[in-house]
Amino acid sequence: MSKLLSGWKFELLDNLAIRGSGHTPSKSVKEYWNGGIKWISLADSSKLDKGLIFETDKKISELGIKNSSAVLHSEGTVVLSRDAGVGKSAIMAESMAVSQHFITWTCDDIKLNNWFLYYTLQNRKREFETQAVGSTIKTIGLPYFKKLKIKCPPINEQRKIAETLSTWDNAIQATESLITNSQQQKKALMQMLLSGEKRVGGFSEEWIQAKLQELAKISKGAQLNKDTLAEIGMYPVINGGIDPSGYTDKFNSVKDTITISEGGNSCGYIAFQKQDFWCGGHCYTLNDVKIDVSFLYQLLKANEESIMRLRVGSGLPNIQKKSLENFVLRYPQNKEEQQKIAEILTAADQEIETLQQKLECLKLEKQALMQRLL
């Protein structure tokens, strides 16, 4: 254990806050459900790790509370998942109950500040994940929480630390909202510009349609031995997933190339490679493109869901080259119009990319700050 700062102590969490849990009322009694009491369950996993939790997937009734071991916890109670989604935590925005898959701590803000505890739990999330055991569903047993100790400064310092970290959380949430808005605006732009509903630049020629094989040559890549790939390197290896499957020191495809994932759960995923890369055996490249390449990328991206539906096979799904070749696209025949549409949509992509980079920076800064302050 690292040396404690002046005024800090290493204390049993049970000595600082009231530990609790919850229960699931009988699902066979309908009167126990759909009451006005919000009930945090594993179905709410995606709502955790975001500070306050406001809504729950299910609600129970006062009758459900009375006839089970469920407990109504007060507003501000800190909750942590000890089963699926182990280590995820939140603070209740109002009085709520929880299922038996959660541990709760009610703080008095004299010995322990609830936001300080929330950030402490967030900072130790990886530790919780390593403590979970079980073959089907991993869980952390109650004895672990009875012995859980935390490093704790005086209450005023706790509040200042929590306030500092909240500032970063607010910036993260604001940036996430901006990204969501920008993505919705991009989607709306794609629907208007790539359907011909809204024309740009005063063009009026009729749009035409063609099979993808008439617009580009579709080629499959070559598989590299997985053992030869590195975690970092000069050239990404693009395969069936969304992210590179590794890196290598050679390339077989040049930058500014459209790729389509051929196999795996992400088959049909469209990407535009901005640097030279290695195209793997589970990926297609589009070469000898007959129309503006940026426009074709945007057009394919707008049709990504339809392309993904071309997949066949239940074990390892894949998209046959023939299916891609016969995929029909509608587009403006004037190349200048293609370029103008591509410029607008590429600018929207760049705005989203800038915001995503900012978000990653904020998350890294918060993580570093948590490690330093906590």
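Residues numbered from 1 in each chain as written. Predicted model: local features only at pLDDT ≥ 70, side-chain atom pairs only at ≥ 80, totals over all residues. Heavy atoms only, no water.

Enquirer: Could you give an account of the UniProt feature "coiled-coil region" (unreviewed entry) in the protein chain, naming the residues involved and the relevant values?
Expert: Per the UniProt entry, the sites bearing "coiled-coil region" (unreviewed entry) are residues 345-372 in this numbering. Structurally, residues 345-372 comprises 100% helix and 0% strand, and the distance from its first C-alpha atom to its last is 41 Å. (UniProt positions renumbered as here; feature names shortened; annotations may be inferred. Helix = DSSP H or I, 4+ residues; strand = E, 2+ residues; numbered from the N terminus.)

Enquirer: Can you break down the pattern of salt bridges residue by residue, with the values?
Expert: In this structure the tally under the stated criterion is 15 salt bridges. Among the salt bridges present, the one from K125 reaches D49, with a minimum N-O distance of 2.4 Å. Of this pair, K125 sits in helix α3 (residues 125-131) while D49 sits in the loop between β3 (33-40) and β4 (52-53), and the two are 76 residues apart along the sequence. The partly exposed category is assigned to K125, whose relative accessible area is 22%. Classification of D49 by relative accessible area gives partly exposed; the value is 22%. A salt bridge links K186 to D349; the shortest N-O distance between them is 2.7 Å. You can see K186 sitting in helix α5 (residues 155-193) and its partner D349 sitting in helix α10 (residues 335-373), a full 163 residues away along the chain. When salt bridges with common partners are traced through the structure, they connect K38, E55 and E94 into a single cluster. (Salt bridge = Lys/Arg side-chain N within 4 Å of Asp/Glu carboxyl O. Buried < 20%, exposed > 50% of the residue type's maximum accessible area, 1.4 Å probe, protein only.)

Enquirer: Mind laying out the sheet that holds strand β7 (residues 89-92), listing which residues take part and the relevant values?
Expert: Taken together, the five strands give an open sheet; going across it, the order is β2-β9-β6-β7-β4, and neighbouring strands pair in mixed fashion. The open sheet has two edge strands with one neighbour each: β2 (18-20) and β4. Sheet analysis places strand β6 (residues 78-81) next to β7, joined by three bridges and oriented antiparallel. Looking across to β7, one finds that L80 is bridged to S89. Along the sheet, helix α2 (residues 114-123) makes contact with β4, β6, β7 and β9 (102-106), crossing β7 at roughly 165°. (Pairing = 2+ DSSP bridges. Contact = heavy atoms within 4.5 Å. Axes fitted to C-alpha atoms, helices over the stretch in contact; angles between N-to-C directions.)

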